[in-house]
Amino acid sequence: MGYNKYLKWFAVASTVGMLLILLGGALVTKTDSGMGCGRHWPGCNGQLIPDVITAEVLIEFSHRLVTGSVGILILILAVWSWKSIGHIREAKFLSVMAVFFLILQALIGAAQVMWGQGDFILALHFGISLISFASVLLLTLLIFEVDKKFDTENVRIGKTLKRHTIGVAVYSYFVVYTGALVRHTESSLACKDWPLCNNTAFELPRNLYEWVQMGHRAAAALIFVWILVIAIHAIKHYKNQRVFYWGWIIALILVSGQALTGMIVVLTRLNLYFALLHSLLITLLFGLLTYMILLVSRSNSMK
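Residues numbered from 1 in each chain as written. Predicted model: local features only at pLDDT ≥ 70, side-chain atom pairs only at ≥ 80, totals over all residues. Heavy atoms only, no water.

(A) The arrangement of the overall build of the protein in detail. Counting its regular elements, the protein contains nine helices and two strands. When the helices and strands of the protein are read in sequence order from the N terminus, they spell out α-α-α-α-α-β-α-α-α-α-β. The C-alpha radius of gyration of the protein comes to 20 Å, within 12% of the 19 Å expected for a compact globule of 303 residues. Dimensions of the protein along its principal axes, counting C-alpha atoms only, are 55 × 55 × 25 Å. Relative to its full complement of 303 residues, the protein shows a buried share of 48%. In the protein, the share of contacts with a sequence separation of at least 24, taken over all contacts with a separation of at least 6, comes to 78%. A total accessible area of about 15400 Å² is found for the protein, and carbon and sulfur atoms account for 70% of it. (Helix = DSSP H or I, 4+ residues; strand = E, 2+ residues; numbered from the N terminus. Rg over C-alpha atoms; globule rule 2.2 N^0.38 Å. Buried < 20%, exposed > 50% of the residue type's maximum accessible area, 1.4 Å probe, protein only. Contact = heavy atoms within 4.5 Å. Areas by Shrake-Rupley, 256 points an atom, 1.4 Å probe, with all protein chains shown as cover.)

Right, dumping it as structure tokens:
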């Protein structure tokens, strides 16, 4: 039996809201608007609502408003889901994860504004928000009974695909972290060419910024190859299980778009629209990979 339609719409609104938080955070970082409200939180430049509006103030203050508003939505969604679909194995766990990591990312953001944080700590900010987004997305999929539509209760998965799914999902988080580190260490244009650094072959990076940039490129190249291998495996062996067949094809499309936009960001000298698209694609890819893990945890094993 389908769940309350209002719960479904509420879940969709929360998922979209989390996506806006992620993209808003990326926009704050990519436009250097993090200090738009000075060292004040939750107020802005010593006021509850700033009366002097600059581009940086608008971006930072809007991001705070969206985060606060969506945070209320997610708290309500978590409680509502706990009561309505708490009998589903993952529902309560995902409800706690969504709220916990949303609060954690808000606290890290507040700490950065008030006291400042190191680049390696700040790089965790996007990744923590990503976990909250994935939790909300999976809750939404459970509410919409997507599993039943794909008949996932009867899927069978081999050990090879199971290992690859868990491995690449965990590894994707590392790729996200290296990408965030590129931005927070201001290493985005340390290498102005692509795929090599400053058209120099067979030469090690010369400084920390080039190491961070090329490290991220190497990590991104590996995840592209890894997902390509998994997609080929799924196409060969899982034609009759469309959730895995199409799931890995979509994952390959997303990671290809991720690689392409990453290249364009460098070659266009940090074009903002492509940079935000780059963030959007990795968010969608991570959400898909976490859904694959959920399916793997439910599937029957094949010999």
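(B) How the structure looks around the packing of helix H6 (residues 159–184) against helix H7 (residues 208–237). Where H6 contacts H7, the two axes come as close as 9 Å, and the packing angle between them is 155°. As summarised for this structure, H6 and H7 are arranged roughly antiparallel, according to the angle between their axes. For the pair H6 and H7, the crossing hand works out as left-handed. Its residues assigned to classes, the contact of H6 with H7 shows 16 nonpolar, nine polar and no charged. (Axes fitted to C-alpha atoms, helices over the stretch in contact; angles between N-to-C directions. Parallel < 35°, antiparallel > 145°, perpendicular 65-115°, else oblique. Left-handed = near helix turned anticlockwise from the far one by under 90°. Nonpolar A, V, L, I, M, F, W, Y, C, P; charged D, E, K, R; others polar.)

(C) How the structure looks around the UniProt feature "transmembrane region" (unreviewed entry) in the protein. This chain's UniProt record puts "transmembrane region" (unreviewed entry) on residues 7–28, 65–82, 94–115, 121–144, 165–182, 214–232, 244–267 and 273–296. Each end of residues 65–82 is marked by a C-alpha atom, and these two atoms are 26 Å apart; helix forms 100% of the span and strand 0%. Between the C-alpha atoms that bound residues 165–182 there is a distance of 26 Å. The span itself is 100% helix and 0% strand. (UniProt positions renumbered as here; feature names shortened; annotations may be inferred.)

(D) Representation of the state of the cysteines in the model. One pass over the full model with this rule turns up two disulfides. The partner cysteine of Cys37 in its disulfide is Cys44, sulfur to sulfur 2.0 Å. On the sign convention where negative is left-handed, the bridge of Cys37 and Cys44, at about -85° about the S-S bond, is left-handed. Grouping residues by exposure puts Cys37 and Cys44 together as buried. Here Cys191 pairs with Cys197 through a disulfide, and the sulfurs are 1.9 Å apart. Torsion about the S-S bond of the Cys191 and Cys197 cystine: about -80°, corresponding to left-handed handedness. Note on Cys191: relative accessible area 0%, which makes it buried. Note on Cys197: relative accessible area 12%, which makes it buried. In the protein, the cysteines engaged in disulfides, taken in order along the sequence, are linked 1-2, 3-4. (Disulfide = S-S within 2.5 Å.)

(E) Geometry of the packing of H6 against helix H9 (residues 272–298). Where H6 contacts H9, the axes come no closer than 9 Å and their chain directions differ by 150°. Taken together, the axes of H6 and H9 are roughly antiparallel relative to one another. For the pair H6 and H9, the sense of crossing is left-handed. Counted together, Lys162, Thr165, Ile166, Val168, Ala169, Ser172, Tyr173 and Val176 of H6 and Ile282, Phe286, Leu289, Met292, Ile293 and Val296 of H9 form the full contact between these two elements. Classifying every residue of the contact of H6 with H9 gives eleven nonpolar, two polar and one charged.

(F) Expanded view of the packing of aromatic side chains. Counted by the stated rule, this structure contains seven aromatic pairs. On the basis of an interplanar angle of 40° and a centroid distance of 5.8 Å, the ring pair of Tyr171 and Phe174 is categorised as tilted. Highlighted residues: Tyr171 and Phe174, both in helix H6, separated by three residues, approximately one helical turn. The buried category is assigned to Tyr171, whose relative accessible area is 15%. Judged by centre distance (6.0 Å) and plane angle (50°), the ring pair of Tyr173 and Phe286 falls under tilted. Taken together, the residues Tyr173 in helix H6 and Phe286 in helix H9 connect sequence positions 113 residues apart. (Phe/Tyr/Trp six-rings, centres within 6.5 Å; stacked < 30°, edge-to-face > 60°.)

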